[in-house]
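Coordinate inspection notes
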Amino acid sequence: MKPLMVVACGGLLLVGCGGGQQSGGSQSEGGTPPPAPAAAPAGSGTITGSIKFTGTAPTNPPIDMSEEAACKDKHQGGVTDPQVVVTNGNLANVFVYVKSGLPATATFTAPSEAVVIDQDGCLYHPRVLGIMVGQPLEIRNSDPVLHNIKAVPTANRGFNISQPTEGMKTTRTFNTPEVMVPLECNVHGWMNAWVGVMSHPYFAVSGEDGSFTIKGLPAGTYEIEAWHERLGTQTMSVTVTDGGSATADFTFAPKTI
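Here goes a summary of the coordinates provided. (Residues numbered from 1 in each chain as written. Predicted model: local features only at pLDDT ≥ 70, side-chain atom pairs only at ≥ 80, totals over all residues. Heavy atoms only, no water.)

1. Notes on the packing of aromatic side chains
Using the criterion set out here, one finds 5 aromatic pairs in the structure. Seen in terms of ring centroids, Phe 159 and Phe 174 are 6.2 Å apart; in terms of plane orientation they differ by 40 degrees. Their pairing is tilted. Placement of Phe 159 in strand β12 (residues 159-163) and of Phe 174 in the loop between β13 (169-172) and β14 (178-185) is noted, with a sequence separation of 15 residues between them. In this structure, Phe 159 and Phe 174 share a single accessibility class: buried. Members of the aromatic cluster, joined through ring pairs, are Phe 95, Tyr 97 and Phe 203. (Phe/Tyr/Trp six-rings, centres within 6.5 Å; stacked < 30°, edge-to-face > 60°. Helix = DSSP H or I, 4+ residues; strand = E, 2+ residues; numbered from the N terminus. Buried < 20%, exposed > 50% of the residue type's maximum accessible area, 1.4 Å probe, protein only.)

Right under this line is the structure:
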């Protein structure tokens, strides 16, 4: 018996693998083959920008960790809830993503590599993150205390999991795009994080210097949205050329909550 040969096909931007069809194989009614899945658009455009904060930044509320010495000892001095993080006028933890402008039929394959969120010092790290539909989210507990992680989405299915010991890891996925999915800890009420779930890879989170970069965009005009947990959202239209770089700068100001 001759050995069977298995040929694999794939790629980041391919929706699926097509196989040759033998003569007489099935087709849709009328003899017309079914349409092939749409491939994700390839591109080499880049959007870079910075997120600024003007005015006096609000004071973040203090956190009382007196009953969690193991967490308190990981911090020097007092601990505050990092709701608004401003450094030299730059705003961190802003989720920036392509809100519209991609072809409606384009589909993207999620990476198999997990996005990691850690509970360390009774705080979530990072506080704001992005992930694709179907991509694994690995939730870690780096504290020697009980954490109970609760996701409170509106479009996705929520979850509520317990991690009672240090070193535990749990993996979850999201099935539907959603901006944003709140995460909270039922044990420590100050612990909050937000996950932006996207159907495409065109998103970023501003760092402490306020900067962000979105790469690999096809040429086109896009609506870009910047989201902050307390300061709301801003949008702008950005045109990207093939191989070119466009700029999208946002400025947030104090807002009454």
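Once you've had a look at it, read on.
2. Overview of the environment of His 147
Within the secondary structure, His 147 sits in strand β11 (residues 147-151). Taking the relative accessible area as the measure of exposure, His 147 reaches 0% and is therefore buried. Distance in space between the C-alpha atoms of His 147 and Asn 186 is 7.4 Å, their sequence separation being 39 residues. Ignoring sequence-local partners within four residues, the contact set of His 147 consists of Gln 119, Cys 122, Asn 141, Ile 161, Ser 162, Gln 163, Cys 185, Val 187, His 188 and Met 191. At a separation of 3.2 Å, a polar atom in the side chain of His 147 contacts the side chain of His 188. (Contact = heavy atoms within 4.5 Å. Polar contact = N/O pair within 3.5 Å; in protein donor to acceptor, adjacent residues only side chain to side chain.)

3. A closer look at the state of the cysteines
In total, this model carries 1 disulfide according to the counting rule given. The disulfide bridge from Cys 71 ends at Cys 122, spanning 2.1 Å between sulfur atoms. A torsion of 60 degrees about the S-S bond marks the disulfide between Cys 71 and Cys 122 as right-handed. Of this pair, Cys 71 sits in helix α1 (residues 69-72) while Cys 122 is found in the loop between β7 (115-120) and β8 (123-125), placing the two residues 51 residues apart along the sequence. Left without a disulfide partner, Cys 185 is nearest to the cysteine sulfur of Cys 122, which lies 7.4 Å away. (Disulfide = S-S within 2.5 Å.)

4. Notes on the pairing of strand β9 (residues 128-132)
With 5 of its 5 residues buried, β9 lies for the most part within the structure. Of the two faces of β9, the one holding Val 128, Gly 130 and Met 132 and the one holding Leu 129 and Ile 131 are both buried throughout. Two elements, β9 and strand β15 (residues 192-198), share 5 bridges in a ladder whose sense is parallel. Opposite Leu 129, over in β15, you have Val 195 as the bridge partner. (Pairing = 2+ DSSP bridges.)

5. Overview of the pattern of salt bridges
Side chains bearing opposite charge may pair, as long as their charged atoms lie close to each other. Going through the model one piece at a time under the given rule, you end up with 6 salt bridges. With a shortest N-O distance of 2.6 Å, Lys 74 and Asp 120 are connected by a salt bridge. Residue Lys 74 is located in the loop between α1 and β3 (79-80), and its partner Asp 120 is located in strand β7; the two are separated by 46 residues in the primary sequence. Of the residues examined, Asp 120 reaches a relative accessible area of 28% and is grouped as partly exposed. Across the pair Glu 225 and Lys 99 runs a salt bridge, and its minimum N-O distance is 3.1 Å. Separated by 126 residues along the polypeptide, Glu 225 in strand β18 (residues 220-228) and Lys 99 in strand β6 (residues 95-100) bring together distant segments of the chain. Accessibility expressed as a relative area gives 7% for Glu 225, which makes it buried. For Lys 99, a relative accessible area of 45% corresponds to the partly exposed category. Salt bridges here are not isolated pairs; linked through shared partners, they connect Lys 74, Asp 120 and Asp 143. (Salt bridge = Lys/Arg side-chain N within 4 Å of Asp/Glu carboxyl O.)

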